[in-house]
Amino acid sequence: MGKDVQRVRSVIAALMRVREHVALAGDTDDWDTEPYNRWVGMLEGSLTGTEAERLRISEQWLTSQEYLMNLDACIAFLENEEPSHANGATEVIEATYSEPEKARHSSIWPMRLHKTKES
């Protein structure tokens, strides 16, 4: 696995932790987009044909719902941009919604990674 693939995977994992934190907190706060933009900034040079700068959020504060939508969209985008050259197959990391014990009260469930192979 190349350094760029590792970097993309690391950023996906970090964004998913941010997403879980926002989802568990609920609709109580507006959220500073600085953590999201900081992680997206780490993608610079790791994505082919995509400028990481375009993935940044221009607004400094978003509601929980707006922030979750941006996190989900970025995670989905990165999952489809991530190449793997093992055995000529493309490895796809799919995020699926799960209901953790702590978030049973939330209408927005955090995501968990599942690895699959496309043939």
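The preceding data block contains the structure.
Residues numbered from 1 in each chain as written. Predicted model: local features only at pLDDT ≥ 70, side-chain atom pairs only at ≥ 80, totals over all residues. Heavy atoms only, no water.

Asker: Looking at this model, I keep getting lost on the overall build of the chain. Mind explaining?
Answerer: Check the secondary structure of the chain and you find three helices and four strands. The secondary structure elements of the chain, listed N-terminal to C-terminal, are α-β-α-β-α-β-β. The burial tally for the chain puts 38% of its 119 residues in the buried class. Sequence separation of 24 or more characterises 64% of the internal contacts of the chain that already satisfy a separation of 6 or more. A total accessible area of about 7300 Å² is found for the chain, and carbon and sulfur atoms account for 50% of it. (Helix = DSSP H or I, 4+ residues; strand = E, 2+ residues; numbered from the N terminus. Buried < 20%, exposed > 50% of the residue type's maximum accessible area, 1.4 Å probe, protein only. Contact = heavy atoms within 4.5 Å. Areas by Shrake-Rupley, 256 points an atom, 1.4 Å probe, with all protein chains shown as cover.)

Asker: Mind showing me how you'd approach a negative patch on the surface here?
Answerer: A contiguous patch of negative charge, built from Asp29, Asp30, Glu59 and Glu66, is present on the exposed surface. Here glutamate 59 lies in the loop between helix 2 (34-41) and strand 2 (61-63). Taking relative accessible area as the criterion, glutamate 59 reaches 43% and is therefore assigned partly exposed. (Patch = residues over 30% accessible without salt bridge, like charges linked within 9 Å, V, L, I, M, F, W, Y side chains within 5 Å. Salt bridge = Lys/Arg side-chain N within 4 Å of Asp/Glu carboxyl O. Lys, Arg positive; Asp, Glu negative; His and termini not counted. Charge placed at Lys NZ, Arg CZ, Asp CG, Glu CD.)

Asker: How do you make sense of helix 2 when you look at a structure like this?
Answerer: Side chains three or four residues apart in an α-helix point the same way, a direct result of the helix having 3.6 residues per turn. All of the buried residues along helix 2 are Tyr36, Asn37 and Val40. Along the axis of helix 2, the buried positions cluster into a sector of 95°, meaning they face one direction only. Those residues of helix 2 hidden inside the fold are in contact with helix 1 (3-25) and helix 3 (64-81). (Arc of directions from axis to C-beta.)

Asker: What exactly am I supposed to notice about the side chain of asparagine 37 here?
Answerer: Position of asparagine 37 among the secondary structure elements: in helix 2. In contact with asparagine 37, other than residues within four places in its own chain, are Arg56 and Ile57.

Asker: Quick question: what am I supposed to make of the pattern of salt bridges here?
Answerer: When the charged atoms of two side chains lie near each other, side chains of opposite charge can form a pair. Counted under the stated rule, the structure contains four salt bridges. One salt bridge in this structure joins arginine 19 and aspartate 72, with 2.5 Å as the shortest N-O distance. One end of the pair, arginine 19, is in helix 1; the other, aspartate 72, is in helix 3, and 53 residues separate them in sequence. When sorted by exposure, arginine 19 lands in the same class as aspartate 72, which is buried. Across the pair glutamate 34 and arginine 38 runs a salt bridge whose closest N-O atoms are separated by 3.3 Å. With glutamate 34 and arginine 38 both in helix 2 and four residues apart, the pair spans about one turn of that helix. Taking relative accessible area as the criterion, arginine 38 reaches 45% and is therefore assigned partly exposed.

Asker: Can you help me understand the packing of aromatic side chains in this one?
Answerer: Remark: the centre distance and the inter-plane angle together describe each pair of aromatic rings, the angle taken between the planes. On inspection of all chains with the given rule, the structure shows two aromatic pairs. Ring geometry for tryptophan 31 and tyrosine 67: centres 6.4 Å apart, planes at 35°, overall tilted. Residue tryptophan 31 is located in strand 1 (residues 30-32), and its partner tyrosine 67 is located in helix 3; the two are separated by 36 residues in the primary sequence. You'll find tryptophan 31 and tyrosine 67 in the same group, each marked buried. (Phe/Tyr/Trp six-rings, centres within 6.5 Å; stacked < 30°, edge-to-face > 60°.)

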